[in-house]
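If you want the building blocks of each chain, they are given just below.
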Amino acid sequence: AVVFIHSAGMDHTAWQLQARNVAHNGRRVFAIDLPGHGHSQGSALKSIAQMADWVARFMNASEIGPATIIGHSMGALVALEIGARYSSLVKNLLLIGVAETMPVHPDLLAAAKANKSLGPELIVFWGLSSEAQVGGHLQPGLWVHGASEILLKSSQSGVLGNDLAASNTYQDGLKAAKMISCPTKLILGADDKMTPVKKGVALSDVMVEVSIDIIPNCGHMIMLERPEEVYQSLKSFVF
């Protein structure tokens, strides 16, 4: 099985290109919606640790595991926590757009907390490479900038602010990374302004069995900007 965990303010649809390819190659795919996101009911969870506990409960209830767990940004922190504290559920980890810490700009935090449209707009502005801002998507008819902004703006009231606060306050990345015993891969965007490559590398430095792929001309929304490159990177790790 392969479990995909989305980033702040998003839902399972962020993984539609990767999940489709993985499923078509014979793997059971679970692209989950965390509580309060997408089709999941309930309130958004307040911390990365609580999100990790929820995913672990979901995996146990669904009899999934050990599985490949793939997370992006906030979801990568959740995957990191699962790998550290629920090792029996994890075959290997793939962390996309990850860093040892993920501080969020105060203006973004404030806008998201107030449910202002500026929040999603700032994420898209800072999160995409300059090339992705203007188009050029591999899939005809898809515009990463517009689609990402609409997805973030469609989240329930308070969810984006909650998620960003959870990512901002999480400080256990290095501690969790030191506890990871399974094979791990990091996929990083060379032009990522939100989780710079050097911070992702710093996280990998404390891991035992780790590899890194750095995708050129790519920002933070890696699996949306460069779906084919991400798939090729994860393919050898998943299959």
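Residues numbered from 1 in each chain as written. Predicted model: local features only at pLDDT ≥ 70, side-chain atom pairs only at ≥ 80, totals over all residues. Heavy atoms only, no water.

Draft legend 1. Structural context of the pairing of strand 6 (residues 210-215). The pairing of strand 5 (residues 184-189) with strand 6 spans six bridges and is parallel. Bridge assignment links I187 to a residue of strand 6, and that residue is D213. At this point the chain moves from strand 5, through helix 10 (residues 197-204), to the parallel strand 6, and the crossover so formed is right-handed. (Pairing = 2+ DSSP bridges. Helix = DSSP H or I, 4+ residues; strand = E, 2+ residues; numbered from the N terminus. Right-handed = clockwise from strand over helix to strand, strands pointing away.)

Draft legend 2. Structural view of unusual backbone geometry. With omega at -5 degrees, the peptide bond leading from G65 into P66 counts as cis. Inspection of the secondary structure puts P66 in the loop between helix 2 (48-61) and strand 3 (67-72). At S73, a position not held by glycine, the phi torsion is positive, near 55 degrees. You can see S73 is positioned in the loop between strand 3 and helix 3 (74-85). Overall, the relative accessible area of 11% leaves S73 in the buried class. (Buried < 20%, exposed > 50% of the residue type's maximum accessible area, 1.4 Å probe, protein only.)

Draft legend 3. Representation of the sheet that holds strand 5 in the model. Strand order in the open sheet formed by six strands is 2-1-3-4-5-6, with parallel pairing between adjacent strands. Sheet topology places strand 2 (29-31) and strand 6 at the edges, where each strand pairs with a single neighbour. Averaged over all pairs of adjacent strands, the angle between their axes in this sheet comes to 15 degrees, without regard to strand direction. With three bridges joining them, strand 1 (residues 2-5) and strand 2 adopt parallel strand pairing. Bridge pairing links V2 to V29 in strand 2. (Axes fitted to C-alpha atoms, helices over the stretch in contact; angles between N-to-C directions.)

Draft legend 4. Examining the nonpolar core more closely. Within the largest apolar cluster, 75 residues are counted, with the highest numbers of intra-cluster contacts made by I5, V55, I69, I70, L95 and V98. V98 has contacts with A76, L77, L186, L188, T195, G200 and L203, leaving out every residue within four places of it along the chain. (Core = buried A, V, L, I, M, F, W, Y, C linked by side-chain atoms within 4.5 Å. Contact = heavy atoms within 4.5 Å.)

Draft legend 5. Just the side chain of H145, in detail. Here H145 shows up in helix 7 (residues 144-153). The residues touching H145, leaving out its near neighbours within four places in the chain, are V124, L128, A132 and Q133.

Draft legend 6. Inspection of the packing of aromatic side chains at higher detail. Scanning all chains against the criterion turns up three aromatic pairs. Relative to F58, the ring of F30 lies with its centre 6.2 Å away and its plane at 75 degrees, an arrangement referred to as edge-to-face. In this pair, F30 sits in strand 2 while F58 sits in helix 2, placing the two residues 28 residues apart along the sequence. For F58, a relative accessible area of 23% corresponds to the partly exposed category. Among the aromatic residues, ring-to-ring pairing joins F30, W54 and F58 into one connected group. (Phe/Tyr/Trp six-rings, centres within 6.5 Å; stacked < 30°, edge-to-face > 60°.)

Draft legend 7. Structural view of the packing of helix 4 (residues 106-113) against helix 5 (residues 118-127). Direction vectors running N to C along helix 4 and helix 5 enclose 145 degrees, while the axes themselves pass 7 Å from each other. When helix 4 is examined against helix 5, the residues D107, L108, A111 and A112 are found in contact with a partner set consisting of L118, G119, L122, I123 and W126.

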